[in-house]
Amino acid sequence: MNHNSVCLEREAFCCSICLDLLKDPVTIPCGHSYCMNCIQSHWNREDERRIHSCPQCRKTFTPRPVLVKNTMLAHLVEQLKKAGLQAAPADHCYAGPEDVACDVCTGRKLKAFKSCMQCLASYCKKHLQLHYDVPRLKKHKLVEPSKNLQDNICSRHDEVMKMFCRTDQHSVCYLCSVDGHKGHDTVSAAAERTERQRELQENLQQILQRVQDREGDVKLLQQQVEAISRSADKTVENSEKIFTELIRLIQKRSSDVKQQVRSQQEAEVSRVRERQEELEQEITELKRKAAELEQLSHTEDHIHFLHNYRPLSALSESTHSSSINIRPLRYFEDVTAAVSELRDKLQDTLRQTWTNISLSEVDVLLSELQTRAGFLQYSCELTLDPNTAYRHLELSEGNRKVTLVTQQQPYSDHPDRFTKRAQVLSRESLTGRCYWEVEWSGGVYVAVAYKSISRAGSGIECGFGYNDKSWALDCHQNRYRFYHNSIDTEVSGPPSSRVGVYLDHRAGILSFYSISETMTLLHRVQTTFTEPLYAGLWVSLFSSGELCSVE
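Rules used in this analysis
Note on numbering: residues in each chain are counted from 1, in written sequence order. For a predicted model such as this one, the threshold for reporting local features is a pLDDT of at least 70, and the threshold for listing and counting side-chain atom pairs is 80 or more; totals across whole chains, interfaces and linings nevertheless cover every residue. To obtain the side-chain values, all non-hydrogen atoms of the structure were included, while hydrogens and water were left out. Comment: elements are numbered from the N terminus, with helices defined as DSSP H or I runs of at least four residues and strands as E runs of at least two. Only protein chains enter the calculation, and the probe is 1.4 Å; a residue is then buried if its accessible area is under 20% of its type maximum, exposed if over 50%, and partly exposed in between. Working rule for contacts: check all heavy atoms of both residues, and any pair within 4.5 Å makes them a contact. Using a 1.4 Å probe, accessible areas were evaluated by the Shrake-Rupley method; residue-level cover was limited to the displayed protein chains. Paired strands, in this sense, are two strands between which DSSP finds at least two bridges. Throughout, disulfides are identified as pairs of cysteine sulfur atoms within 2.5 Å of each other. A fitted line through C-alpha atoms serves as each axis, taken over the contacting stretch for helices, and the angle formed by two N-to-C directions is quoted from 0 to 180°.

Caption draft 1: Spotlight on the overall build of the protein chain. Secondary structure assignment for the protein chain yields 12 helices and 23 strands. Evaluated residue by residue, the protein chain yields a buried proportion of 41% over its 551 residues. Pairs at least 24 apart in sequence give 61% of the contacts found in the protein chain among residues at least 6 apart. Put simply, the protein chain shows about 30300 Å² of open surface, and 49% of that area lies on carbon and sulfur atoms.

Caption draft 2: Spatial organisation of unusual backbone geometry. Between T62 and the following residue, P63, the backbone shows a cis peptide bond with an omega angle of 0°. Mapped onto the elements of the fold, P63 is located in the loop between strand 4 (60–61) and helix 3 (71–87). If you check the backbone angles, D24 has positive phi at about 50° while not being a glycine. Residue position: D24 is located in the loop between helix 1 (3–12) and strand 1 (25–27). With a phi close to 65°, R58 is a non-glycine residue in the positive phi region. Looking at the secondary structure, you find R58 in the loop between strand 3 (52–53) and strand 4. The exposure class assigned to R58 is buried, which follows from its relative accessible area of 16%.

Caption draft 3: Region of interest: the pairing of strand 20 (residues 509–515). Burial analysis of strand 20 places seven of its seven residues in the buried class, which makes it a mostly covered element. Side chains of strand 20 alternate between two faces, with I509, S511, Y513 and I515 and L510, F512 and S514 buried alike. The turn joining strand 19 (residues 498–504) and strand 20, which pair antiparallel and follow one another in sequence, is formed by four residues; a positive phi near 75° is taken by G508. With antiparallel pairing between neighbouring strands as the criterion, strand 20 and strand 21 (residues 519–526) make up a hairpin whose turn holds three residues.

Caption draft 4: Structural context of the state of the cysteines. In the structure shown here, the tally under the stated rule is zero disulfides. Free cysteine C434: the closest other cysteine sulfur is in C380, separated by 4.7 Å. Classification of C434 by relative accessible area gives buried; the value is 7%.

Caption draft 5: Expanded view of the sheet that holds strand 17 (residues 479–484). The sheet built from six strands is open, its strands ordered 13-22-15-16-17-18 with antiparallel pairing. On the outer flanks of this sheet lie strand 13 (423–430) and strand 18 (487–491), each paired with one strand and no other. Put simply, the sheet's adjacent strands are angled 20° from each other on average, direction ignored. Taken together, the five bridges between strand 17 and strand 18 define a ladder with antiparallel strand orientation. Within the sheet, the bridge partner assigned to Y483 lies in strand 18 and is D488.

Right, here's the structure in full:
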């Protein structure tokens, strides 16, 4: 059995819940098979409804089916494992699809050890030996194995391109320099590389300086967060001491002031932290660009360098630390003063002076938007963050579409990545009033979540809607269900492959709509959001969800 057939069989014998080979396989009445522990855990969560469903086809069963191990399927899985183990060992000396192969080897080719810039060929250790033994070949320039050697050949004259035409800004061979590029400003590729290397170093220094500036800004913002918290804590403490001297009515007012101070504290901290996250994202992007330039600056292949280097566009004006709005440290002292004044006044005066200590007015009433055009005024462009994506999620359409596939994607390790659930969060945070739409197929949870949601839980607790840090609408075929903190709410509404989501973060309103020729409310939440939110998608096997561009 070859390796390709083993891979195909692994897909056929994978559990659609854990995406691994079946363990103690069981087949339920609809014909789908799962690991016994996986389907039992799934049905345990559905016990309260007393209706048990298939995670793939959603067919329901009453009463709960009795699970019996499928011995034939278990035997086939064991045979597959054995076949896979026999096919697994590979000779690492031979070139694979991603390797540079030796141009001299016949039959199955070995991996190249070096590439020659004069011969324009790649050699394994054995066939490279001539370049070490033959005096004439010793002068050839050897570099790390490269797949781009043919890019060094002039398509017109079939000669090595060792010149660079500054007039036309591309590499040429010697014949080109005296023929089609006669009279142009031409120099050697090495000379042009030296000039651009100098420019690269200047750009690199600009980026590193910008990183240093941004890190300083982040430190200042962190100090502001700490100052806000200290001021708020002190204000709450002083307010409580004053209110203990007042009558029962004043004690009620004490509770109100405490809540308002905390609300303002959270709003201020949220504002600062959002700016802090934006700066940290900019730092990450600048470091990535610096790393790319640093790597390119060390390549030995001049032509590869010239083909891949593009002058860095002028960096936008750096936001100097002094432009960050650092507010005075006396955040809530006016509250303490107002409360002290109330202590000396009578109950009838209390009503008149209450507005003096109001920190803010919070509009908790949602203005009913009658048309889709009304929602679109709050539309926001969202993209999915690859650093949060589960390893079997394939992102496409400019990181706006996600599909759950059986092949593991080549994502690097990242602390924000979901490791057990097929979930992904948006790159952008959501505050204020926001509206976006999701096009879905198969089975998709359309969700919002705090950044602090668990990423690596072994159970369902890190799934959207199964904790107190996320809210999710389960869209499957023509049915909807809403989940928050593991509470399941049945939702009715017209079926549609597009769902609209409206968020008023300040007012604590989250609404889901079915979008077709008309816009129909499916479910609305009224709560208090304590952190910035992120859009999220949780997709089933072979299902997809896409953040739409709305106009």
